[in-house]
2 protein chains.
Amino acid sequence: MSENNPDSPPTPHAATSPSPPTEKKIPKAVIKRLSLYSRVLQNLEIMDREKVSSRELAARLGLNSAQVRKDLAYFGQFGVPGLGYYVSDLRQNIKRILGTDRAIRLALVGVGNLGTALLSYAGFARQGFHIAVAFDCDRRKIGSTKGNVRIYDAADLARIVRQEEIDIGILAVPADHAQAVCESLIGAGINAILNFVPAHLSVPDSVHVHYVDLSIEIESLSYYLR
Amino acid sequence: MSENNPDSPPTPHAATSPSPPTEKKIPKAVIKRLSLYSRVLQNLEIMDREKVSSRELAARLGLNSAQVRKDLAYFGQFGVPGLGYYVSDLRQNIKRILGTDRAIRLALVGVGNLGTALLSYAGFARQGFHIAVAFDCDRRKIGSTKGNVRIYDAADLARIVRQEEIDIGILAVPADHAQAVCESLIGAGINAILNFVPAHLSVPDSVHVHYVDLSIEIESLSYYLR
DNA sequence: TAGATTGTTAATCGATTAACAATC
DNA sequence: TAGATTGTTAATCGATTAACAATC
(Lines give C-alpha, C1' and ligand atoms only; values in the text may rest on other atoms or scores of the structure.)
Protein backbone atom coordinates (compact mmCIF):
# COMPACT_ATOMS: atom_id res chain seq x y z
CA MET A 1 0.00 0.00 0.00
CA SER A 2 2.91 2.36 -0.49
CA GLU A 3 2.06 3.14 -4.10
CA ASN A 4 1.32 6.57 -5.45
CA ASN A 5 2.87 8.60 -2.68
CA PRO A 6 5.62 11.12 -3.15
CA ASP A 7 8.12 8.59 -1.82
CA SER A 8 7.80 6.07 -4.60
CA PRO A 9 7.12 7.47 -8.06
CA PRO A 10 3.72 6.45 -9.50
CA THR A 11 4.30 2.89 -10.58
CA PRO A 12 3.18 1.99 -14.11
CA HIS A 13 1.75 -1.31 -12.86
CA ALA A 14 0.95 -3.18 -16.04
CA ALA A 15 -0.55 -6.03 -14.03
CA THR A 16 -2.70 -4.11 -11.55
CA SER A 17 -6.19 -3.29 -12.81
CA PRO A 18 -6.91 0.46 -12.54
CA SER A 19 -9.65 -0.16 -9.98
CA PRO A 20 -11.04 -3.63 -9.39
CA PRO A 21 -14.79 -3.74 -10.08
CA THR A 22 -15.42 -5.02 -6.56
CA GLU A 23 -18.72 -3.87 -5.02
CA LYS A 24 -17.22 -2.67 -1.74
CA LYS A 25 -13.76 -3.17 -0.35
CA ILE A 26 -13.71 -5.10 2.89
CA PRO A 27 -11.17 -3.90 5.46
CA LYS A 28 -8.61 -6.45 6.63
CA ALA A 29 -9.61 -5.76 10.21
CA VAL A 30 -13.13 -6.96 9.43
CA ILE A 31 -11.80 -10.27 8.14
CA LYS A 32 -9.74 -10.75 11.29
CA ARG A 33 -12.77 -10.10 13.46
CA LEU A 34 -14.76 -12.58 11.39
CA SER A 35 -12.32 -15.27 12.52
CA LEU A 36 -12.81 -14.13 16.11
CA TYR A 37 -16.58 -14.36 15.77
CA SER A 38 -16.15 -17.82 14.33
CA ARG A 39 -14.27 -18.98 17.40
CA VAL A 40 -16.74 -17.48 19.87
CA LEU A 41 -19.58 -19.10 17.93
CA GLN A 42 -17.79 -22.44 18.17
CA ASN A 43 -17.67 -22.03 21.95
CA LEU A 44 -21.33 -21.05 22.07
CA GLU A 45 -22.19 -24.10 19.98
CA ILE A 46 -20.38 -26.31 22.48
CA MET A 47 -22.45 -24.66 25.21
CA ASP A 48 -25.54 -25.61 23.19
CA ARG A 49 -26.61 -22.02 22.75
CA GLU A 50 -29.11 -21.60 19.95
CA LYS A 51 -29.09 -17.83 19.52
CA VAL A 52 -26.79 -14.93 20.28
CA SER A 53 -27.12 -11.16 19.99
CA SER A 54 -24.57 -8.78 18.54
CA ARG A 55 -24.40 -7.31 22.03
CA GLU A 56 -23.24 -10.58 23.59
CA LEU A 57 -20.89 -11.40 20.74
CA ALA A 58 -19.34 -7.96 21.19
CA ALA A 59 -19.07 -8.30 24.96
CA ARG A 60 -17.28 -11.64 24.66
CA LEU A 61 -14.61 -10.00 22.50
CA GLY A 62 -14.44 -6.56 24.06
CA LEU A 63 -15.92 -4.95 20.94
CA ASN A 64 -18.84 -2.67 20.13
CA SER A 65 -22.13 -4.27 19.11
CA ALA A 66 -22.62 -1.90 16.18
CA GLN A 67 -19.27 -3.01 14.87
CA VAL A 68 -20.30 -6.64 15.04
CA ARG A 69 -23.50 -5.97 13.12
CA LYS A 70 -21.71 -3.85 10.56
CA ASP A 71 -18.98 -6.44 10.05
CA LEU A 72 -21.52 -9.18 9.41
CA ALA A 73 -23.67 -6.95 7.21
CA TYR A 74 -20.79 -6.68 4.74
CA PHE A 75 -21.58 -10.22 3.69
CA GLY A 76 -25.35 -10.44 3.88
CA GLN A 77 -28.27 -10.52 6.28
CA PHE A 78 -27.59 -13.19 8.83
CA GLY A 79 -29.58 -11.92 11.79
CA VAL A 80 -33.23 -11.79 12.76
CA PRO A 81 -34.39 -8.43 14.14
CA GLY A 82 -35.61 -8.84 17.70
CA LEU A 83 -33.98 -12.26 18.02
CA GLY A 84 -30.33 -12.07 17.15
CA TYR A 85 -28.27 -14.57 15.21
CA TYR A 86 -28.63 -18.34 15.09
CA VAL A 87 -25.32 -19.66 16.39
CA SER A 88 -24.73 -22.66 14.11
CA ASP A 89 -26.13 -20.91 11.09
CA LEU A 90 -23.94 -17.85 11.54
CA ARG A 91 -20.89 -19.96 12.24
CA GLN A 92 -21.36 -21.95 9.05
CA ASN A 93 -21.84 -18.79 7.06
CA ILE A 94 -18.67 -17.26 8.43
CA LYS A 95 -16.67 -20.41 7.74
CA ARG A 96 -17.94 -20.37 4.19
CA ILE A 97 -17.04 -16.70 3.77
CA LEU A 98 -13.55 -17.28 5.15
CA GLY A 99 -13.12 -20.41 3.08
CA THR A 100 -12.39 -22.53 6.13
CA ASP A 101 -15.27 -24.90 5.49
CA ARG A 102 -12.62 -27.20 4.03
CA ALA A 103 -9.13 -28.21 5.14
CA ILE A 104 -6.45 -25.62 4.43
CA ARG A 105 -3.13 -26.94 3.18
CA LEU A 106 0.05 -25.25 4.36
CA ALA A 107 3.66 -25.47 3.24
CA LEU A 108 6.42 -24.66 5.71
CA VAL A 109 9.62 -23.24 4.28
CA GLY A 110 12.59 -23.41 6.64
CA VAL A 111 12.86 -26.23 9.16
CA GLY A 112 15.16 -24.57 11.67
CA ASN A 113 14.52 -23.80 15.30
CA LEU A 114 11.18 -22.10 14.79
CA GLY A 115 10.10 -24.25 11.86
CA THR A 116 10.56 -27.40 13.91
CA ALA A 117 8.49 -25.94 16.72
CA LEU A 118 5.71 -25.16 14.24
CA LEU A 119 5.81 -28.72 12.86
CA SER A 120 5.30 -30.16 16.32
CA TYR A 121 2.66 -27.62 17.28
CA ALA A 122 -0.63 -29.47 17.51
CA GLY A 123 -2.84 -26.38 17.58
CA PHE A 124 -3.09 -26.16 13.80
CA ALA A 125 -4.58 -29.54 12.98
CA ARG A 126 -7.43 -29.03 15.43
CA GLN A 127 -8.65 -26.06 13.40
CA GLY A 128 -8.46 -27.83 10.06
CA PHE A 129 -5.07 -26.43 9.10
CA HIS A 130 -2.70 -29.04 7.80
CA ILE A 131 1.01 -28.59 7.18
CA ALA A 132 1.21 -30.83 4.13
CA VAL A 133 4.87 -30.36 3.21
CA ALA A 134 8.04 -28.69 4.45
CA PHE A 135 11.09 -27.38 2.63
CA ASP A 136 14.69 -26.78 3.57
CA CYS A 137 17.98 -26.53 1.73
CA ASP A 138 20.03 -28.48 4.27
CA ARG A 139 21.10 -31.82 2.76
CA ARG A 140 20.85 -33.51 6.14
CA LYS A 141 17.19 -32.60 6.56
CA ILE A 142 15.96 -33.16 3.02
CA GLY A 143 14.20 -36.49 2.65
CA SER A 144 13.56 -36.93 6.35
CA THR A 145 10.27 -36.31 8.14
CA LYS A 146 9.50 -34.27 11.24
CA GLY A 147 6.21 -34.47 13.07
CA ASN A 148 4.89 -36.65 10.22
CA VAL A 149 5.72 -34.02 7.61
CA ARG A 150 8.16 -34.81 4.81
CA ILE A 151 10.96 -32.31 4.22
CA TYR A 152 11.71 -31.57 0.55
CA ASP A 153 14.54 -29.78 -1.19
CA ALA A 154 13.71 -26.08 -1.40
CA ALA A 155 14.89 -26.22 -5.01
CA ASP A 156 11.76 -28.25 -5.85
CA LEU A 157 9.44 -25.82 -4.11
CA ALA A 158 7.48 -24.56 -7.10
CA ARG A 159 6.75 -28.02 -8.47
CA ILE A 160 5.71 -29.59 -5.17
CA VAL A 161 3.66 -26.60 -4.03
CA ARG A 162 1.57 -26.92 -7.18
CA GLN A 163 1.40 -30.69 -6.99
CA GLU A 164 0.28 -30.66 -3.37
CA GLU A 165 -2.23 -27.86 -3.97
CA ILE A 166 -0.85 -25.70 -1.19
CA ASP A 167 -3.01 -22.79 -0.07
CA ILE A 168 -0.75 -20.86 2.27
CA GLY A 169 3.03 -20.63 2.70
CA ILE A 170 4.71 -20.33 6.07
CA LEU A 171 8.02 -18.53 5.94
CA ALA A 172 10.58 -19.46 8.61
CA VAL A 173 13.92 -19.08 6.84
CA PRO A 174 16.93 -16.91 7.70
CA ALA A 175 16.23 -13.21 7.09
CA ASP A 176 18.56 -12.94 4.11
CA HIS A 177 16.65 -15.66 2.22
CA ALA A 178 13.18 -14.38 2.99
CA GLN A 179 12.58 -12.18 -0.04
CA ALA A 180 13.84 -14.82 -2.48
CA VAL A 181 11.80 -17.63 -0.96
CA CYS A 182 8.79 -15.36 -0.85
CA GLU A 183 9.15 -14.79 -4.57
CA SER A 184 9.41 -18.53 -5.23
CA LEU A 185 6.20 -19.07 -3.33
CA ILE A 186 4.45 -16.36 -5.30
CA GLY A 187 5.85 -17.83 -8.49
CA ALA A 188 4.30 -21.14 -7.50
CA GLY A 189 0.89 -19.49 -7.33
CA ILE A 190 0.74 -18.82 -3.58
CA ASN A 191 -0.85 -15.53 -2.60
CA ALA A 192 -1.18 -15.87 1.15
CA ILE A 193 1.90 -16.00 3.33
CA LEU A 194 2.42 -16.28 7.07
CA ASN A 195 5.81 -14.68 7.63
CA PHE A 196 7.83 -15.41 10.76
CA VAL A 197 10.97 -13.79 9.38
CA PRO A 198 11.89 -10.42 10.91
CA ALA A 199 12.17 -8.73 7.52
CA HIS A 200 9.92 -6.64 5.32
CA LEU A 201 8.72 -8.50 2.24
CA SER A 202 8.04 -6.71 -1.03
CA VAL A 203 5.06 -8.36 -2.68
CA PRO A 204 2.48 -7.39 -5.30
CA ASP A 205 -0.80 -6.00 -3.97
CA SER A 206 -2.53 -9.25 -4.84
CA VAL A 207 -0.46 -11.19 -2.32
CA HIS A 208 -1.39 -11.10 1.35
CA VAL A 209 1.30 -11.39 3.97
CA HIS A 210 0.77 -11.62 7.68
CA TYR A 211 3.76 -10.83 9.87
CA VAL A 212 4.33 -12.70 13.12
CA ASP A 213 7.23 -11.23 15.03
CA LEU A 214 7.50 -11.98 18.70
CA SER A 215 10.55 -9.80 19.26
CA ILE A 216 8.73 -6.78 17.90
CA GLU A 217 5.75 -7.57 20.10
CA ILE A 218 7.86 -7.87 23.22
CA GLU A 219 9.76 -4.73 22.34
CA SER A 220 6.47 -2.88 21.92
CA LEU A 221 5.19 -4.22 25.22
CA SER A 222 8.26 -3.03 27.08
CA TYR A 223 7.22 0.53 26.31
CA TYR A 224 4.29 0.06 28.64
CA LEU A 225 6.19 -1.21 31.67
CA ARG A 226 5.32 0.76 34.87
CA MET B 1 -11.25 0.24 25.11
CA SER B 2 -14.85 -0.92 25.38
CA GLU B 3 -15.76 1.51 28.10
CA ASN B 4 -18.48 4.11 27.86
CA ASN B 5 -20.40 2.64 24.97
CA PRO B 6 -24.07 1.75 25.08
CA ASP B 7 -23.13 -1.92 25.36
CA SER B 8 -21.37 -1.77 28.69
CA PRO B 9 -22.80 0.70 31.21
CA PRO B 10 -20.38 3.49 32.16
CA THR B 11 -18.02 1.80 34.56
CA PRO B 12 -17.46 3.61 37.86
CA HIS B 13 -13.73 2.86 37.71
CA ALA B 14 -12.52 4.05 41.08
CA ALA B 15 -8.94 3.32 40.08
CA THR B 16 -8.87 4.97 36.64
CA SER B 17 -8.00 8.66 36.72
CA PRO B 18 -10.63 10.75 34.88
CA SER B 19 -8.12 11.76 32.21
CA PRO B 20 -4.39 11.27 32.71
CA PRO B 21 -2.56 14.59 32.47
CA THR B 22 -0.41 13.18 29.65
CA GLU B 23 0.71 15.75 27.07
CA LYS B 24 -0.39 13.74 24.02
CA LYS B 25 -1.54 10.17 23.76
CA ILE B 26 0.71 8.03 21.63
CA PRO B 27 -1.08 5.50 19.40
CA LYS B 28 -0.16 1.85 19.89
CA ALA B 29 0.60 1.59 16.18
CA VAL B 30 3.31 4.23 16.60
CA ILE B 31 5.00 2.18 19.31
CA LYS B 32 4.95 -0.90 17.12
CA ARG B 33 6.54 1.00 14.25
CA LEU B 34 9.19 2.33 16.62
CA SER B 35 10.31 -1.27 17.16
CA LEU B 36 10.42 -1.74 13.41
CA TYR B 37 12.58 1.35 12.97
CA SER B 38 14.85 0.04 15.69
CA ARG B 39 15.42 -3.18 13.78
CA VAL B 40 16.08 -1.45 10.46
CA LEU B 41 18.51 0.88 12.20
CA GLN B 42 20.30 -2.14 13.65
CA ASN B 43 20.73 -3.49 10.13
CA LEU B 44 21.94 -0.13 8.85
CA GLU B 45 24.43 0.02 11.71
CA ILE B 46 25.79 -3.38 10.70
CA MET B 47 26.14 -2.01 7.18
CA ASP B 48 28.17 0.85 8.67
CA ARG B 49 25.74 3.47 7.48
CA GLU B 50 26.13 6.77 9.28
CA LYS B 51 22.98 8.57 8.21
CA VAL B 52 19.53 7.66 6.93
CA SER B 53 16.57 9.70 5.68
CA SER B 54 12.95 9.22 6.63
CA ARG B 55 12.42 8.39 2.98
CA GLU B 56 14.79 5.44 3.06
CA LEU B 57 13.56 4.25 6.44
CA ALA B 58 10.03 4.32 5.07
CA ALA B 59 10.97 2.52 1.88
CA ARG B 60 12.64 -0.29 3.80
CA LEU B 61 9.41 -0.92 5.70
CA GLY B 62 6.86 -0.15 3.02
CA LEU B 63 5.66 2.95 4.88
CA ASN B 64 5.21 6.64 4.10
CA SER B 65 8.08 9.00 4.93
CA ALA B 66 5.79 11.58 6.54
CA GLN B 67 4.61 8.85 8.86
CA VAL B 68 8.15 8.02 9.88
CA ARG B 69 8.92 11.66 10.66
CA LYS B 70 5.67 12.13 12.54
CA ASP B 71 6.20 8.97 14.57
CA LEU B 72 9.66 10.07 15.64
CA ALA B 73 8.54 13.64 16.30
CA TYR B 74 6.22 12.36 19.04
CA PHE B 75 9.29 11.86 21.16
CA GLY B 76 11.56 14.74 20.26
CA GLN B 77 13.72 16.17 17.50
CA PHE B 78 16.08 13.47 16.38
CA GLY B 79 16.78 14.51 12.81
CA VAL B 80 18.84 17.16 11.11
CA PRO B 81 17.02 19.05 8.33
CA GLY B 82 18.78 18.52 5.04
CA LEU B 83 20.76 15.57 6.40
CA GLY B 84 18.42 13.00 7.87
CA TYR B 85 18.95 10.97 11.03
CA TYR B 86 22.18 9.67 12.51
CA VAL B 87 21.75 5.90 12.57
CA SER B 88 23.37 4.97 15.89
CA ASP B 89 22.04 8.02 17.63
CA LEU B 90 18.48 7.42 16.52
CA ARG B 91 18.69 3.75 17.37
CA GLN B 92 19.88 4.48 20.88
CA ASN B 93 17.14 7.03 21.36
CA ILE B 94 14.47 4.59 20.23
CA LYS B 95 15.80 1.84 22.50
CA ARG B 96 15.70 4.25 25.40
CA ILE B 97 12.13 5.28 24.55
CA LEU B 98 11.00 1.68 24.30
CA GLY B 99 12.86 0.75 27.45
CA THR B 100 14.84 -1.95 25.68
CA ASP B 101 18.19 -0.42 26.53
CA ARG B 102 18.31 -3.02 29.30
CA ALA B 103 17.49 -6.73 29.46
CA ILE B 104 13.77 -7.49 29.67
CA ARG B 105 12.76 -10.29 32.04
CA LEU B 106 9.92 -12.58 31.03
CA ALA B 107 7.90 -15.18 32.89
CA LEU B 108 6.28 -18.00 30.96
CA VAL B 109 3.07 -19.44 32.39
CA GLY B 110 2.12 -22.83 30.99
CA VAL B 111 4.81 -25.25 29.89
CA GLY B 112 2.77 -27.37 27.49
CA ASN B 113 3.28 -27.90 23.80
CA LEU B 114 3.58 -24.25 22.87
CA GLY B 115 5.27 -23.18 26.10
CA THR B 116 8.03 -25.72 25.56
CA ALA B 117 8.56 -24.47 22.04
CA LEU B 118 8.90 -20.93 23.36
CA LEU B 119 11.45 -22.04 25.98
CA SER B 120 13.64 -23.59 23.32
CA TYR B 121 13.21 -20.69 20.90
CA ALA B 122 16.54 -18.94 20.69
CA GLY B 123 15.27 -15.81 18.98
CA PHE B 124 14.41 -14.06 22.23
CA ALA B 125 17.77 -14.02 23.94
CA ARG B 126 19.43 -12.43 20.94
CA GLN B 127 17.24 -9.36 21.33
CA GLY B 128 17.85 -9.00 25.06
CA PHE B 129 14.68 -10.77 26.10
CA HIS B 130 15.23 -13.35 28.79
CA ILE B 131 12.72 -15.91 29.99
CA ALA B 132 13.78 -15.88 33.63
CA VAL B 133 11.20 -18.29 35.06
CA ALA B 134 8.41 -20.62 34.00
CA PHE B 135 5.29 -21.82 35.79
CA ASP B 136 3.06 -24.85 35.50
CA CYS B 137 0.66 -26.70 37.76
CA ASP B 138 1.68 -30.18 36.69
CA ARG B 139 3.50 -31.95 39.56
CA ARG B 140 5.73 -33.78 37.13
CA LYS B 141 7.05 -30.57 35.60
CA ILE B 142 7.40 -28.46 38.73
CA GLY B 143 10.99 -28.33 39.97
CA SER B 144 12.51 -29.44 36.67
CA THR B 145 14.17 -27.20 34.12
CA LYS B 146 13.61 -26.87 30.38
CA GLY B 147 15.95 -24.97 28.11
CA ASN B 148 17.82 -23.78 31.20
CA VAL B 149 14.68 -22.29 32.72
CA ARG B 150 13.38 -23.54 36.08
CA ILE B 151 9.70 -24.49 36.23
CA TYR B 152 7.91 -23.37 39.41
CA ASP B 153 4.54 -24.20 40.89
CA ALA B 154 1.94 -21.82 39.47
CA ALA B 155 0.64 -21.45 43.02
CA ASP B 156 3.78 -19.48 43.89
CA LEU B 157 3.47 -17.21 40.88
CA ALA B 158 2.86 -13.90 42.65
CA ARG B 159 5.75 -14.31 45.07
CA ILE B 160 8.31 -15.42 42.48
CA VAL B 161 7.25 -12.88 39.86
CA ARG B 162 7.95 -10.10 42.35
CA GLN B 163 11.15 -11.71 43.61
CA GLU B 164 12.52 -12.16 40.10
CA GLU B 165 11.47 -8.67 39.02
CA ILE B 166 9.58 -9.92 35.99
CA ASP B 167 8.62 -7.31 33.39
CA ILE B 168 6.33 -9.20 31.05
CA GLY B 169 4.20 -12.31 31.39
CA ILE B 170 3.77 -14.85 28.61
CA LEU B 171 0.47 -16.71 28.75
CA ALA B 172 0.43 -20.22 27.27
CA VAL B 173 -2.06 -22.08 29.44
CA PRO B 174 -5.28 -23.90 28.48
CA ALA B 175 -8.03 -21.48 27.47
CA ASP B 176 -10.16 -22.10 30.52
CA HIS B 177 -7.33 -21.03 32.86
CA ALA B 178 -6.31 -17.93 30.92
CA GLN B 179 -8.45 -15.32 32.68
CA ALA B 180 -7.51 -16.56 36.15
CA VAL B 181 -3.79 -16.73 35.42
CA CYS B 182 -3.96 -13.33 33.79
CA GLU B 183 -5.43 -11.94 36.99
CA SER B 184 -2.70 -13.54 39.08
CA LEU B 185 -0.09 -11.89 36.89
CA ILE B 186 -1.77 -8.52 37.24
CA GLY B 187 -2.05 -9.08 40.97
CA ALA B 188 1.71 -9.67 41.02
CA GLY B 189 2.25 -6.24 39.48
CA ILE B 190 2.61 -7.25 35.83
CA ASN B 191 1.01 -4.89 33.33
CA ALA B 192 2.27 -6.22 30.03
CA ILE B 193 1.18 -9.62 28.78
CA LEU B 194 1.93 -11.60 25.65
CA ASN B 195 -1.08 -13.86 25.26
CA PHE B 196 -0.91 -17.02 23.18
CA VAL B 197 -4.21 -18.32 24.48
CA PRO B 198 -7.12 -18.18 22.03
CA ALA B 199 -9.38 -16.38 24.48
CA HIS B 200 -10.33 -12.78 25.14
CA LEU B 201 -8.84 -11.45 28.37
CA SER B 202 -10.63 -8.83 30.46
CA VAL B 203 -8.04 -6.52 31.94
CA PRO B 204 -8.00 -2.99 33.35
CA ASP B 205 -7.05 -0.22 30.93
CA SER B 206 -3.66 0.09 32.59
CA VAL B 207 -2.66 -3.42 31.51
CA HIS B 208 -1.44 -4.03 27.97
CA VAL B 209 -2.10 -7.35 26.30
CA HIS B 210 -0.83 -8.44 22.96
CA TYR B 211 -2.60 -11.38 21.34
CA VAL B 212 -0.70 -13.90 19.27
CA ASP B 213 -3.05 -16.33 17.63
CA LEU B 214 -1.78 -18.30 14.67
CA SER B 215 -5.08 -20.03 13.99
CA ILE B 216 -6.85 -16.70 13.66
CA GLU B 217 -4.11 -15.47 11.34
CA ILE B 218 -4.34 -18.51 9.11
CA GLU B 219 -8.12 -18.34 9.10
CA SER B 220 -7.92 -14.70 8.05
CA LEU B 221 -5.43 -15.51 5.33
CA SER B 222 -7.66 -18.20 3.87
CA TYR B 223 -10.14 -15.48 2.97
CA TYR B 224 -7.67 -14.18 0.42
CA LEU B 225 -6.98 -17.45 -1.40
CA ARG B 226 -7.37 -17.08 -5.19
C1' DT C 1 24.77 29.46 -1.65
C1' DA C 2 21.78 25.60 -3.62
C1' DG C 3 19.96 21.26 -2.51
C1' DA C 4 18.07 18.27 0.64
C1' DT C 5 15.38 16.85 4.35
C1' DT C 6 13.34 17.78 8.62
C1' DG C 7 9.24 18.92 11.79
C1' DT C 8 4.59 20.22 11.58
C1' DT C 9 0.14 21.86 9.96
C1' DA C 10 -3.80 21.07 7.26
C1' DA C 11 -6.31 17.88 4.24
C1' DT C 12 -7.64 13.37 3.40
C1' DC C 13 -8.91 9.03 4.27
C1' DG C 14 -10.82 5.18 6.78
C1' DA C 15 -12.69 2.99 10.71
C1' DT C 16 -15.58 3.06 14.84
C1' DT C 17 -19.66 4.31 17.22
C1' DA C 18 -24.31 6.29 18.09
C1' DA C 19 -28.80 6.47 16.81
C1' DC C 20 -32.94 4.84 14.96
C1' DA C 21 -36.47 3.14 11.65
C1' DA C 22 -37.62 -1.45 10.20
C1' DT C 23 -38.81 -5.89 11.67
C1' DC C 24 -39.51 -10.06 14.03
C1' DT D 1 -49.13 -6.32 20.95
C1' DA D 2 -44.81 -4.85 23.51
C1' DG D 3 -40.05 -5.72 23.73
C1' DA D 4 -35.94 -6.71 21.60
C1' DT D 5 -32.57 -6.55 18.19
C1' DT D 6 -31.31 -6.11 13.56
C1' DG D 7 -29.34 -3.48 9.40
C1' DT D 8 -27.91 0.97 8.10
C1' DT D 9 -27.18 5.90 7.95
C1' DA D 10 -25.01 9.79 9.84
C1' DA D 11 -21.71 11.59 13.22
C1' DT D 12 -17.49 11.01 15.43
C1' DC D 13 -13.11 9.80 16.02
C1' DG D 14 -8.41 8.68 14.85
C1' DA D 15 -4.75 7.74 11.75
C1' DT D 16 -2.35 8.53 7.39
C1' DT D 17 -0.65 11.49 3.87
C1' DA D 18 0.45 15.79 1.34
C1' DA D 19 2.46 20.02 1.44
C1' DC D 20 5.62 23.41 2.83
C1' DA D 21 8.18 26.78 5.70
C1' DA D 22 12.23 26.26 8.51
C1' DT D 23 16.80 24.77 8.64
C1' DC D 24 21.07 22.55 7.97
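First, a word on what this report is: a plain description of the structure on this page. Quick caveat: nothing in here was measured; it's all calculated off a predicted structure. (Residues numbered from 1 in each chain as written. Chains lettered and ligands numbered in written order. Predicted model: local features only at pLDDT ≥ 70, side-chain atom pairs only at ≥ 80, totals over all residues. Heavy atoms only, no water.)

### A word on the overall build of chain A
Reasoning step 1: Tallying secondary structure elements over chain A gives nine helices and 10 strands in all.
Reasoning step 2: Buried residues in chain A amount to 45% of all 226 residues.
Reasoning step 3: Contacts spanning at least 24 positions in sequence make up 54% of the contacts within chain A whose residues lie at least 6 apart.
Reasoning step 4: Of the roughly 11,700 Å² of accessible surface on chain A, a fraction of 53% belongs to carbon and sulfur atoms. (Helix = DSSP H or I, 4+ residues; strand = E, 2+ residues; numbered from the N terminus. Buried < 20%, exposed > 50% of the residue type's maximum accessible area, 1.4 Å probe, protein only. Contact = heavy atoms within 4.5 Å. Areas by Shrake-Rupley, 256 points an atom, 1.4 Å probe, with all protein chains shown as cover.)

### Remarks on the packing of aromatic side chains
Residues and elements named next belong to chain A.
Reasoning step 1: Within this structure, the stated rule accounts for eight aromatic pairs over all chains.
Reasoning step 2: Between Tyr74 and Phe75, the ring centres sit 6.3 Å apart and the planes meet at 55°, which makes this aromatic pair tilted.
Reasoning step 3: On the accessibility criterion, Tyr74 (22% relative accessible area) is partly exposed.
Reasoning step 4: Taking the relative accessible area as the measure of exposure, Phe75 reaches 22% and is therefore partly exposed.
Reasoning step 5: Arranged with centres 5.1 Å apart and planes meeting at 85°, the rings of Tyr223 and Tyr224 form a pair that is edge-to-face.
Reasoning step 6: Judged by its relative accessible area of 25%, Tyr223 falls in the partly exposed class. (Phe/Tyr/Trp six-rings, centres within 6.5 Å; stacked < 30°, edge-to-face > 60°.)

### Considering the sheet that holds strand β1 (residues 51–52) of chain A
What holds strands together in a sheet is hydrogen bonding between their backbones, with the strands either parallel or antiparallel.
Residues and elements named next belong to chain A.
Reasoning step 1: In spatial order, the strands read β1-β3-β2; together these three strands make up an open sheet with antiparallel pairing. The open sheet is flanked by β1 and β2 (79–80), the only strands paired with a single partner.
Reasoning step 2: Direction of pairing for β2 relative to strand β3 (residues 84–86): antiparallel, over a ladder of two bridges. Opposite Gly79, over in β3, you have Tyr85 as the bridge partner. (Pairing = 2+ DSSP bridges.)

### Some words on the interface of chain B and chain A
Reasoning step 1: The partner chain A presents 67 residues to the 66 residues of chain B that form the contact.
Reasoning step 2: In this assembly, chain B packs against chain A so that about 5,800 Å² is buried in total across both faces, 61% of it on carbon and sulfur atoms.
Reasoning step 3: Linking chain B with chain A are four salt bridges, by the criterion used here.
Reasoning step 4: For Glu217(B), the salt bridge goes to Lys32(A), with nearest N and O atoms at 3.0 Å.
Reasoning step 5: Scanning the region where chain B abuts chain A turns up 14 residue pairs in polar contact (both at pLDDT 80 or more).
Reasoning step 6: The element that contributes the greatest number of residues to the side of chain B that touches chain A is helix α9 (residues 214–222) of chain B, accounting for nine residues.
Reasoning step 7: Residues that form the side of chain B that touches chain A fall into these classes: 33 nonpolar, 20 polar and 13 charged. (Buried area = accessible area lost by both parts, 1.4 Å probe. Salt bridge = Lys/Arg side-chain N within 4 Å of Asp/Glu carboxyl O. Polar contact = N/O pair within 3.5 Å; in protein donor to acceptor, adjacent residues only side chain to side chain. Nonpolar A, V, L, I, M, F, W, Y, C, P; charged D, E, K, R; others polar.)

### Overview of the side chain of His208(B)
Reasoning step 1: Tracing the sequence through the fold places His208(B) in strand β10 (residues 208–211).
Reasoning step 2: For His208(B), a relative accessible area of 15% translates into the label buried.
Reasoning step 3: Excluding anything up to four places from it in sequence, His208(B) contacts Leu221(A), Tyr224(A), Lys28(B), Asn191(B), Ala192(B) and Ile193(B).

### Section: the pairing of strand β7 (residues 149–153) of chain B
All names here are of chain B.
Reasoning step 1: By the bridge criterion, three bridges tie strand β5 (residues 129–136) to β7 in an arrangement that is parallel. Looking at β7, one finds that Phe135 is bridged to Tyr152.
Reasoning step 2: The pairing of strand β6 (residues 145–146) with β7 spans two bridges and is classified as antiparallel. Note that in β7 the partner of Thr145 across the bridge is Arg150.

### A word on the relation of the copies chain B and chain A
Reasoning step 1: Of the two same-sequence chains, chain B is brought onto chain A (RMSD 0.0 Å, axial shift 0.0 Å) by a rotation of 180°. The two molecules are tied by a two-fold rotation axis, judged by turn and shift. Taking C-alpha positions as the reference, the residue of chain B nearest the rotation axis is Ala117(B), at 2.8 Å.
Reasoning step 2: A share of 100% of the interface residues of chain B reappears at the interface of chain A, consistent with the copies meeting face to face through the same patch. (Least-squares fit on C-alpha atoms with pLDDT ≥ 70 in both.)

### Some points on the sheet that holds strand β4 (residues 104–109) of chain A
Residue and element names in this part refer to chain A.
Reasoning step 1: Across the sheet, seven strands lie side by side as β6-β7-β5-β4-β8-β9-β10; this open sheet has mixed pairing. Both outer strands of the open sheet, β6 (145–146) and β10 (208–211), are each paired with one neighbouring strand and no more.
Reasoning step 2: Of the strand pairs in this sheet, strand β8 (residues 168–171) and strand β9 (residues 192–195) are connected by three bridges, and their pairing is parallel. By the bridge assignment, Ile170 is partnered in β9 with Leu194.
Reasoning step 3: Along the sheet face, helix α5 (residues 113–120) touches β4, β5 (129–136), β6, β7 (149–153) and β8 and points at about 155° away from the line of β4. (Axes fitted to C-alpha atoms, helices over the stretch in contact; angles between N-to-C directions.)

### Notes on helix α2 (residues 54–61) of chain A
All names here are of chain A.
Reasoning step 1: Regarding α2, the residues found buried are Ser54, Leu57, Ala58 and Leu61. Buried residues of α2, viewed axially, fall in a sector of 100°; they line one side.
Reasoning step 2: Buried residues along α2 sit in contact with α1 (28–46), β1, α3 (65–73), β3 and α4 (87–98).
Reasoning step 3: Gly62 occupies a position one or two residues after α2 and carries a positive phi of about 70°. (Arc of directions from axis to C-beta.)

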